[in-house]
Amino acid sequence: MPSQTIQWFPGHMAKTRRLISENLKQVDIVIELLDARIPQSSKNPEIARLCAGKPILTLLNKSSLADPTATSEWLRSYKEHGANALAIDCIKGDGINKIEPEVRRILADKLAKLKAKGMAGRRIRAMIVGVPNCGKSSFVNKLCGTKKAKVEDRPGVTRDKQWVATSIGIDLLDTPGVLWPKFEDQTTGENLAFTGAIRDAILDTETLASKLCRKLSDTYPELFCTRYKLPLEVCKLEEDYEILMALGKKRGFLVSGGEIDTERAADCVLDEFRGAKIGRITLERPERKEKPATPAVEEKTVSEERSEACDA
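Residues numbered from 1 in each chain as written. Predicted model: local features only at pLDDT ≥ 70, side-chain atom pairs only at ≥ 80, totals over all residues. Heavy atoms only, no water.

**Examining the overall build of the chain**
1) Next: When its secondary structure is counted, the chain shows twelve helices and six strands.
2) Next: Accessible surface computed for the chain: about 16,800 Å², of which carbon and sulfur atoms make up 50%. (Helix = DSSP H or I, 4+ residues; strand = E, 2+ residues; numbered from the N terminus. Areas by Shrake-Rupley, 256 points an atom, 1.4 Å probe, with all protein chains shown as cover.)

Encoded structure:
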């Protein structure tokens, strides 16, 4: 099966964008949840415009599924660019205890002004934004200590806004996950599809899985081949679909006549990637900041220095 372009249709997200705009005045801070495996692809480029004027705390969620070295690189990159970011995991609870002090640090000036007005006890209000399936509902439930939001491992579960109170003095406004109408490049859409932010029902899963096999064989060949007991030579196969075929054959996914059940193989690799059974994997890294070149200092020869001295 030849490789082909993946098509996806994010749907009409005008309602969510309107919810964000209309409720922004009610909150003190915006909490942006990203998928730690794809921080760039899961960052909606419209959020910065929609939330202009409000401080933003970026949370790299699902960090237990991501490559810890890559996560450290992302956090360092955010810091270098003057952004506020933490790595968290709503399932395991990693980093959750860092959120309240970080929010209070970011809002220190505003909280001081409220205290001066005799409003020191006012609860902080935060809006949560993020793409579908980034873990917003799990985040809400983790901070509440109880199930306030419906959670499912599929995009589009949260349909409307909802206010919930937490035990850490922050009231959360949860909003539906929002994808933007047009992706800048094919890679962004593919990464979102790999992690489940786009419904599998609208995609050709065999094409998607083939592309994921290529991505994993290029970036984490040892983890990929170890998981599926494949020789490293498989990573050099010319066609993406051939890698999926090799995986299906090795796993024994066969149908009558001995043909490889590529649909079953596709479901397998997508599910195991999303569940971190292949390993802790991050599909993209931050761009490295280039250090400005140091201007070359012209060295003068002894004769040139003598000549300048004579002219003086």
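There is more to say after this.
**Here we look at the pattern of salt bridges**
1) Next: Under the definition given, this model contains 17 salt bridges.
2) Next: For Lys43, the salt bridge goes to Glu32, with nearest N and O atoms at 2.9 Å. Taken together, the positions of Lys43 in the loop between strand E1 (29-35) and helix H2 (47-50) and Glu32 in strand E1 put the pair eleven residues apart, joining distant regions of the chain.
3) Next: Judged by its relative accessible area of 2%, Glu32 is buried.
4) Next: Between Arg105 and Glu102 there is a salt bridge; the shortest N-O distance is 2.8 Å. (Salt bridge = Lys/Arg side-chain N within 4 Å of Asp/Glu carboxyl O. Buried < 20%, exposed > 50% of the residue type's maximum accessible area, 1.4 Å probe, protein only.)

**Details of the sheet that holds strand E3 (residues 84-87)**
Whether parallel or antiparallel, the strands of a sheet pair through hydrogen bonds between backbone atoms.
1) Next: Taken in spatial order, the six strands of this open sheet run E3-E2-E1-E4-E6-E5, and their pairing is mixed. With one partner strand each, in any of the chains shown, E3 and strand E5 (162-165) form the two edges of the open sheet. The mean inter-strand angle of the sheet, taken between neighbouring strand axes irrespective of direction, is 25°.
2) Next: One ladder, built from six bridges, connects E1 with strand E2 (residues 56-61); its direction is parallel. For Asp35, the partnering residue across the bridge sits in E2 and is Asn61. (Pairing = 2+ DSSP bridges. Axes fitted to C-alpha atoms, helices over the stretch in contact; angles between N-to-C directions.)

**Observations concerning unusual backbone geometry**
1) Next: Backbone geometry places Asn133, a non-glycine residue, at a positive phi of 70°.
2) Next: As for its position among the elements, Asn133 is in the loop between strand E4 (124-130) and helix H6 (136-144).
3) Next: For Asn133, a relative accessible area of 14% translates into the label buried.
4) Next: Unlike most non-glycine residues, Lys229 shows phi in positive territory, near 55°.
5) Next: Mapped onto the elements, Lys229 comes out in the loop between helix H9 (221-228) and helix H10 (240-251).

**What to know about the side chain of Asp240**
1) Next: By the element assignment, Asp240 lies in helix H10.
2) Next: Among the polar contacts listed, one links the side chain of Asp240 to the side chain of Arg214, at a separation of 2.8 Å. (Polar contact = N/O pair within 3.5 Å; in protein donor to acceptor, adjacent residues only side chain to side chain.)

**Digging into H10**
1) Next: With twelve residues, H10 extends 17 Å from end C-alpha to end C-alpha; this agrees with the ideal 16 Å at 1.5 Å per step.
2) Next: Where the residues of H10 are buried, they touch helix H8 (205-219), H9 and helix H11 (262-274). (Expected span 1.5 Å × (residues − 1). Contact = heavy atoms within 4.5 Å.)

**Focus: the packing of aromatic side chains**
1) Next: If you walk through the whole model with that rule in mind, you get two aromatic pairs.
2) Next: With centroids separated by 6.2 Å and ring planes inclined at 35°, the aromatic side chains of Trp74 and Tyr78 adopt a geometry described as tilted. Placement of both Trp74 and Tyr78 in helix H3 (residues 68-80) is noted, with a separation of four residues, approximately one turn of the helix. Each member of the pair, Trp74 as well as Tyr78, is classed as buried. (Phe/Tyr/Trp six-rings, centres within 6.5 Å; stacked < 30°, edge-to-face > 60°.)

**Digging into the environment of Glu73**
1) Next: Looking at the secondary structure, you find Glu73 in helix H3.
2) Next: The buried category is assigned to Glu73, whose relative accessible area is 14%.
3) Next: Filtering out sequence-adjacent residues up to four positions away, Glu73 remains in contact with Arg285, Pro286 and Arg288.

**Regarding the packing of H10 against H11**
Axes are the key here: two packed helices are described by the angle between their axes and the distance separating the axes.
1) Next: Across the interface, H10 lies against H11 with an axial gap of 9 Å and an inter-helix angle of 95°. By the angle class used here, H10 and H11 are roughly perpendicular. Facing Tyr241, Leu244, Met245, Leu247, Gly248 and Arg251 of H10, the residues of H11 in contact are Thr262, Ala265, Ala266, Cys268, Val269 and Glu272.
2) Next: Class assignment of the residues belonging to the contact of H10 with H11 gives a composition of eight nonpolar, two polar and two charged. (Parallel < 35°, antiparallel > 145°, perpendicular 65-115°, else oblique. Nonpolar A, V, L, I, M, F, W, Y, C, P; charged D, E, K, R; others polar.)

**Digging into helix H4 (residues 99-106)**
1) Next: Among the residues making up H4, those that are buried are Ile99, Glu102, Val103 and Ile106. All buried residues of H4 fall inside an arc of 100° around its axis, so they share one side. (Arc of directions from axis to C-beta.)

**Some points on the pairing of E1**
1) Next: Among the seven residues that make up E1, seven are buried, leaving the element largely enclosed by the rest of the structure.
2) Next: By the alternation rule, side chains of E1 split into Ile29, Ile31, Leu33 and Asp35 and Val30, Glu32 and Leu34, which are all buried.
3) Next: Pairing analysis gives five bridges linking E1 to E4, with the strands arranged parallel. Within E4, the residue paired with Leu33 across the bridge is Gly130.

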